[in-house]
Amino acid sequence: MIIYPAIDMKGGRCVRLLQGRAQNLTDYGDPLVMARRWAQDGARWLHLVDLDGAFDGAGGNLDAVERIARELDIPVQLGGGIRTMQDIENVLKLGVWRVIIGSAAVKDPEFVRDAVLKYGEKIAVGIDARGGTVRTEGWLKDSGEDFLQFASLMDSYCVQTIIFTDIDKDGMLAGPNFDQLSQLRQAVSCQIIASGGVTTLDDVKKLHKLGIDGAIAGKAVYTGSLDLAAAIRAVED
């Protein structure tokens, strides 16, 4: 199991949003400085999110993405605003190892199938759910798609990694949605990375026991409620 410290970027800054709401923002400064901190704590991967891309497709944080990908000797995955094959190609050229397709996967599943055929394991799909249905457009729109059915479709397209976020858990420091993650684990054969609500070392250990392949640590590592180095040690021992 891999712990992925999250670096969400807006306007070139590292920020945290509460449940994806732009008005509930905390600024943590230069994304590269934060990336160095997590690398020093033993992170083997980084999870990057271009929030400007997620909300409006502007991709205004790609300079920061490239600085992180080029300077640090650990792989990064990036989500937010990936809508076309050209977007995928562009961010891979920046040094990003894995690209996360979110809203575009719901709107055009065939895009995902084509991307997987071309790029294989470098393609992941982000499934952001609230109340059991998949949200799009920076979590603002309800697609009406059942998260398990959609995940199964992505699995059938040979997507190797799904990143599942329970929006209601995001930033709340109240633990992941273990029930939905358990259902998802039974429904698909691909890797599952849990996001949203990962708060304590016990959360990490429970996800590990469920057979979850990764956990994204956001607010918890920024507030100190989860010690990143300790969490990494726990899943490696």
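Residues numbered from 1 in each chain as written. Predicted model: local features only at pLDDT ≥ 70, side-chain atom pairs only at ≥ 80, totals over all residues. Heavy atoms only, no water.

Another aspect to go through is helix α6 (residues 109-119). Those residues of α6 that fall on the buried side of the exposure criterion are Phe111, Val112, Ala115, Val116 and Tyr119. Summarising the axial view, the buried residues of α6 lie within an arc of 130 degrees, below the 170-degree limit, and thus occupy one face. Residues of α6 that are exposed and point more than 90 degrees away from the buried face comprise Leu117 and Lys118. On its buried face, α6 sits against α4 (85-93), β6 (98-101), α5 (103-107), β7 (123-130) and α7 (147-156). Of the residues flanking the end of α6, it is Gly120, one or two places downstream, whose phi is positive at about 60 degrees. (Buried < 20%, exposed > 50% of the residue type's maximum accessible area, 1.4 Å probe, protein only. Helix = DSSP H or I, 4+ residues; strand = E, 2+ residues; numbered from the N terminus. Arc of directions from axis to C-beta. Contact = heavy atoms within 4.5 Å.)

On to the confidence of the model for the protein chain. Caution applies to low-pLDDT regions: their predicted coordinates should not be interpreted in detail. Overall, the prediction assigns the protein chain a mean pLDDT of 91, with 93% of residues at 70 or greater. For the protein chain, the element scoring lowest by mean pLDDT is strand β3 (residues 21-29), at 79; α6 scores highest, at 98. (pLDDT = per-residue confidence, 0-100.)

Where strand β1 (residues 2-10) meets strand β2 (residues 13-18), three bridges bridge the pair, whose relative direction is antiparallel. Opposite Asp8, over in β2, you have Val15 as the bridge partner. Taking the residues between adjacent antiparallel strands as the criterion, β1 and β2 are bridged by two residues, where Gly11 takes a positive phi near 60 degrees. (Pairing = 2+ DSSP bridges.)

Side chains Arg98 and Ile100 project from β6 onto one buried face, and the interleaved Val99 and Ile101 project onto a second face that is buried too. The sheet contact formed by strand β5 (residues 76-79) and β6 spans three bridges and is parallel. Note that in β6 the partner of Leu78 across the bridge is Val99. A crossover links β5 with its parallel partner β6, the connecting element being α4, and its sense is right-handed. Here three bridges tie β6 to β7, and the two strands are oriented parallel to one another. Paired with Val99 across the two strands is Ile123, which belongs to β7. (Right-handed = clockwise from strand over helix to strand, strands pointing away.)

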